[in-house]
Amino acid sequence: MNALVALILIGALGFAMGRFLFLRPRPGTLYERFMLSGAEFLAIGAVIGPSGLQILDRWTLTNLEPFLILALSWIGLLLGIQLRWRHLIRFPWPYFQVSLVQGAVTLGLCFGALALLFFFWTPVVAAAADRWRAALCLGAVAALSSSTEAALHEPRAAKGGHVAGLLRFVPAIDPLVTLLGLGLLFSFWHSGRQAVGVEFSGFQWLLASVGGGLLLGSLFLLLLASVHQSDEAVLAVLGMAIFSGGLASVFHLSPLVVGLIQGILISNWRRQEDLLLNMLLKLERPLYVALLVLAGAAWRFDEPAGYLLAVLFIALRVGAKFLGVRTALAVTRLPFHVPGRWWLGLVPQGAMAIAVAVSYGLIYDDPLGRATFSAILLSTVVLTLLGRPLVHSALSDQEPAP
Amino acid sequence: MTTFLALLVLAGLMAAARWIPAFGKLAFQTTVSLGFVLIFGFLVGRLARRIRLPRITGYILAGVICGPYLGRFLTGPVVRELRLIDDLALALIAFTAGGELRIRDLAPRWRSIVAVTGAQTGIVGAGMFVTVLLASPLFHLPPGVSVAAMAIAFGIFAVASSPATAVAIINEARARGTFTDTVLGVTVLKDVVVLVLVTLLLPVMRLLSLPGATFDLGFVGDLAWEVGGSLAGGVVLGYLVTFYVNGVGAVLPLFIVGVSILVTQVARQFHLEPLLLCMVAGFVIENATRVGDRFIDAIERSSLPVYVVFFAISGAAINLQAVRDAWYLALILVVVRLLLVSGATALGERAAARPNPMVRRWGGLGFVAQAGVTLGLASIVARKFPGWGEEARVLALAMVAINQLVGPVAFRWALSRSGEATEGSGAPARNGESVGARTPAGSRRSV
């Protein structure tokens, strides 16, 4: 199928499903959770993809990769641009401590356990480097939690209170841990000379990631200085998202990480960040929908290794999250009591996990990489569907709002 | 200063990417190149405006500079990949062109438009035919080649002009008035005429140059289908779009982008002319419904990135090798064409009910630019006439290169002389964030 026609098909599907969502299914039903999870877009992608009805074949999917890169870069920028120093300092320091410590511990535990497991056994034949990469990718994804739409629709979360506030805050910050993990992965387990023809050390690739992000951010700032009209600003944002994503991909680095660094630089340097944020948010939904559909299409659901790895990953992640939150709360002095089951609220995952999987899958297309991609997709769907009861349970003991 | 600095940083980053020996998969290359073209084109466009050149000339120059024949930031395969955007751009431009043709503005000028189109078709076509016949010894053609067939091809090439460039320059200059309406009307009408000419004259050329070829009247049916089908399809599409705008109305710019791509693909499948189809749809939406303003505004909101890429890639595709090989012949043909077009326009305008002295004097400069239509015709000729088609194509490429660089500047200058260009005069734009809603006499936002 022609790639452009495929893109329209995906856009039309996304739009139609978006309209369908406004019909609002009956609250509390599994059907509602499914419709709010984004899993429907993954399912559509899987059905029309190469492993399904083959309406989208592999060739078309490859041709649509620039679009995936744009989406990843866009998400990275969006995340970075929201990290404004002068806004962040309004939150108490212990909130950051909880977010970062629980994320780092979860990442470390999952990575360690999976690296150990992969040392002795993998669901598919894999080279040593592939095992390290897969373990770190899954560890990075494990650190992510999500205030999914399902969680936000939970009345107890919407009611307010410190505990609910903390539950909304943590998922906004822990992607930093994930993207740091991803940055390390793409640098220290870089595909190297084979892929790009250049041999750098891991540290040098890391410097290239950060330096590239800063340089691109500077270019973005220069570009914004010569922008006077809104259509020019759209062009600048679009051009920079495509260019930086493409550049990161050419160097086999993650567009998410490079976009994040750019976004942080812009939001803290320039006063126009609200304008940019609004612009980025306008296209966020269509890009997310397309990302989910394309991720679904790229999913090889006929390969059993992914299912096995997904079960393992979910079990490990739940355990690691529990320990991560416990550790974070133990080392942090919060001015209020956090209920024992609060950690359950951080178990659901959202589209950011899929974005990480796509970023990984674009570069590492080995058998274990594909199983990892599949495991992340499956675990995200399962944990998103469980999101609402988990958030409900997490907030069941919270004190009333002040 | 910031523009120069941004250009330097951008070029440095792109050079770093090109330094990577593997330069990634084609998908990665295409992505980075697309982003590069968008930003580079935009910045060079700004610089061009500062020295009073049209922005689109800047976009085209940006393409030439970074294209495979000069800066080599863009490779040949990447340029071919990016040409996919041509369909989208041409459809959007055709929608805009149709939408710009308002019956109430055109009605008083219809005699002028028809007369200028007729004069250009006859005089320019015939004049170029004779010129090529006379200049044929300079072409060093192999023996046995039909010079007459080649002369007919160049006659058609010369009649064609670029609706895309005309619309882009009119938008950029925020031009509105009799001069603008006439040039736009003639450009659109000529597009149909060129389509008819190609269909009618290709069998004649085949008869002249291919031994044993017979005259097949089947082309009449094909032509009727192509023109009639495109007209009917355009009307249907116009009402379908109106139905969406009235009934749903959400994400209109994205919807139009999707429709543009889809219509082009479907039109090709059914052997219809996508440009004509979209022009008719734009015309119907503007003149037969009440959603014209919303529709055109939505197109313009998404048009800047598309225009930058379209014209920059057109520039990158300019074959500088061909220009170098055939520049003197091309220059002769370009000068002759310019004289013929100017003369024909002046003559045609005399037939108007109320001749406009500006059209008579400067109107010819509105038709200098040539792009996609001529290149498409040249490719058809190269494919169908292996004996001399390739030579004709190279010469046509050189002609288009010169015309596409000179044409926008000439048209922009003519618009200024006519007093209809309002950009920079403080006149309100038709829409845009920097201004308010559409004004009755306002022009549209700049490209």
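No experiment lies behind these values; they were computed from the predicted model shown.

Q: Got a minute to help me understand the overall build of chain A in this structure?
A: A tally of regular secondary structure across chain A gives 22 helices and 0 strands. The proportion of buried residues among the 402 residues of chain A is 60%. In chain A, the proportion of contacts linking residues at least 24 apart, taken out of those at least 6 apart, comes to 84%. Element-wise, carbon and sulfur atoms account for 68% of the exposed surface of chain A, whose accessible area totals about 15400 Å².

Q: What is the right way to read the interface of chain B and chain A from this model?
A: One frequent convention defines the size of an interface as the accessible area lost when the parts assemble. If you look at the interface, chain B gives 48 residues, while chain A gives 45 residues. Contact with chain A buries surface across chain B, with Leu 13, Phe 28 and Thr 31 of chain B losing the most and accounting together for 16% of the total. With a shortest N-O distance of 3.4 Å, Arg 46 of chain B and Glu 232 of chain A are connected by a salt bridge. At the boundary of chain B with chain A, the tally comes to 1 residue pair in polar contact (both at pLDDT 80 or more). Secondary structure elements with two or more residues in the side of chain B that touches chain A: helix H1 (2–19), helix H2 (26–50), helix H12 (252–269) and helix H14 (292–316) of chain B. Looking at the side of chain B that touches chain A, the element that brings in the most residues is H2 of chain B, giving 13 residues. Taken together, the residues of the side of chain B that touches chain A break down into 33 nonpolar, 9 polar and 6 charged.

Q: Teacher, can you tell me more about the nonpolar core here?
A: Buried together is how nonpolar side chains tend to be arranged in soluble globular proteins. If you look at the biggest cluster of nonpolar residues, it comprises 279 residues, and the most contacted ones within it are Phe 243 and Trp 342 of chain A together with Phe 154, Met 205 and Trp 388 of chain B. Of all the elements, H14 of chain B adds the most residues to this core, at 14 residues. Look past the residues within four positions of Trp 388 of chain B in its chain and what remains in contact with it is Leu 141, Val 145, Ala 149, Met 150, Ala 153, Met 205, Ser 209 and Val 381 of chain B. Counting 6 residues, the second largest nonpolar core, distinct from the first, contains Leu 223, Val 227, Val 280 and Val 284 of chain B.

Q: How should the packing of helix H7 (residues 110–135) of chain B against helix H15 (residues 320–350) of chain B be read in this particular structure?
A: When two helices pack together, their arrangement is given by the angle between the helix axes and by the axis-to-axis distance. Residues and elements named next belong to chain B. With their axes 8 Å apart at the nearest point, H7 and H15 run at an angle of 150° to one another. Here H15 runs roughly antiparallel to H7, going by the angle between their axes. Pair H7 / H15 crosses with right-handed handedness. Across the interface between the two elements, Ser 112, Ala 115, Val 116, Ala 119, Gln 120, Ile 123, Val 124, Gly 127, Met 128, Thr 131 and Val 132 from H7 touch Leu 333, Val 336, Arg 337, Leu 340, Val 341, Ala 344, Thr 345, Leu 347, Gly 348 and Glu 349 from H15. Split by residue class, the contact of H7 with H15 holds 13 nonpolar, 6 polar and 2 charged.

Q: What is the right way to read helix H19 (residues 305–331) of chain A from this model?
A: Because an α-helix completes one turn every 3.6 residues, residues spaced three or four positions apart along the sequence face the same direction. Residue and element names in this part refer to chain A. When the terminal C-alpha atoms of H19 are compared, their 38 Å separation across 27 residues agrees well with the 39 Å that a helix rising 1.5 Å per residue should span. For H19, every residue scored as buried is listed here: Ala 305, Gly 306, Leu 309, Ala 310, Phe 313, Ile 314, Arg 317, Ala 320, Lys 321, Gly 324, Val 325 and Ala 328. The inward-facing, buried residues of H19 abut helix H7 (93–120), helix H8 (128–143) and helix H21 (367–385).

Q: Looking at this model, I keep getting lost on the pattern of salt bridges. Mind explaining?
A: Between side chains of opposite charge, a pair can form when the charged atoms approach closely. Following the criterion strictly, the structure yields 8 salt bridges over all chains and no others. Arg 133 of chain A is paired through a salt bridge with Asp 130 of chain A; the nearest N and O atoms lie 2.8 Å apart. In this pair, Arg 133 of chain A and Asp 130 of chain A are both assigned in helix H8, 3 residues apart and thus about one turn of the helix distant. Comparing Arg 133 of chain A with Asp 130 of chain A, the two get one shared label, buried. Linking Arg 412 of chain B and Glu 172 of chain B is a salt bridge whose minimum nitrogen-to-oxygen distance equals 3.4 Å. With Arg 412 of chain B in helix H18 (residues 389–418) and Glu 172 of chain B in helix H9 (residues 163–173), this residue pair connects regions lying 240 residues apart in the sequence. The residues Arg 412 of chain B and Glu 172 of chain B share a single accessibility class, namely buried.

What counts, and where the lines are drawn
- Residues numbered from 1 in each chain as written.
- Chains lettered and ligands numbered in written order.
- Predicted model: local features only at pLDDT ≥ 70, side-chain atom pairs only at ≥ 80, totals over all residues.
- Heavy atoms only, no water.
- Helix = DSSP H or I, 4+ residues; strand = E, 2+ residues; numbered from the N terminus.
- Buried < 20%, exposed > 50% of the residue type's maximum accessible area, 1.4 Å probe, protein only.
- Contact = heavy atoms within 4.5 Å.
- Areas by Shrake-Rupley, 256 points an atom, 1.4 Å probe, with all protein chains shown as cover.
- Buried area = accessible area lost by both parts, 1.4 Å probe.
- Salt bridge = Lys/Arg side-chain N within 4 Å of Asp/Glu carboxyl O.
- Polar contact = N/O pair within 3.5 Å; in protein donor to acceptor, adjacent residues only side chain to side chain.
- Nonpolar A, V, L, I, M, F, W, Y, C, P; charged D, E, K, R; others polar.
- Core = buried A, V, L, I, M, F, W, Y, C linked by side-chain atoms within 4.5 Å.
- Axes fitted to C-alpha atoms, helices over the stretch in contact; angles between N-to-C directions.
- Parallel < 35°, antiparallel > 145°, perpendicular 65-115°, else oblique.
- Left-handed = near helix turned anticlockwise from the far one by under 90°.
- Expected span 1.5 Å × (residues − 1).

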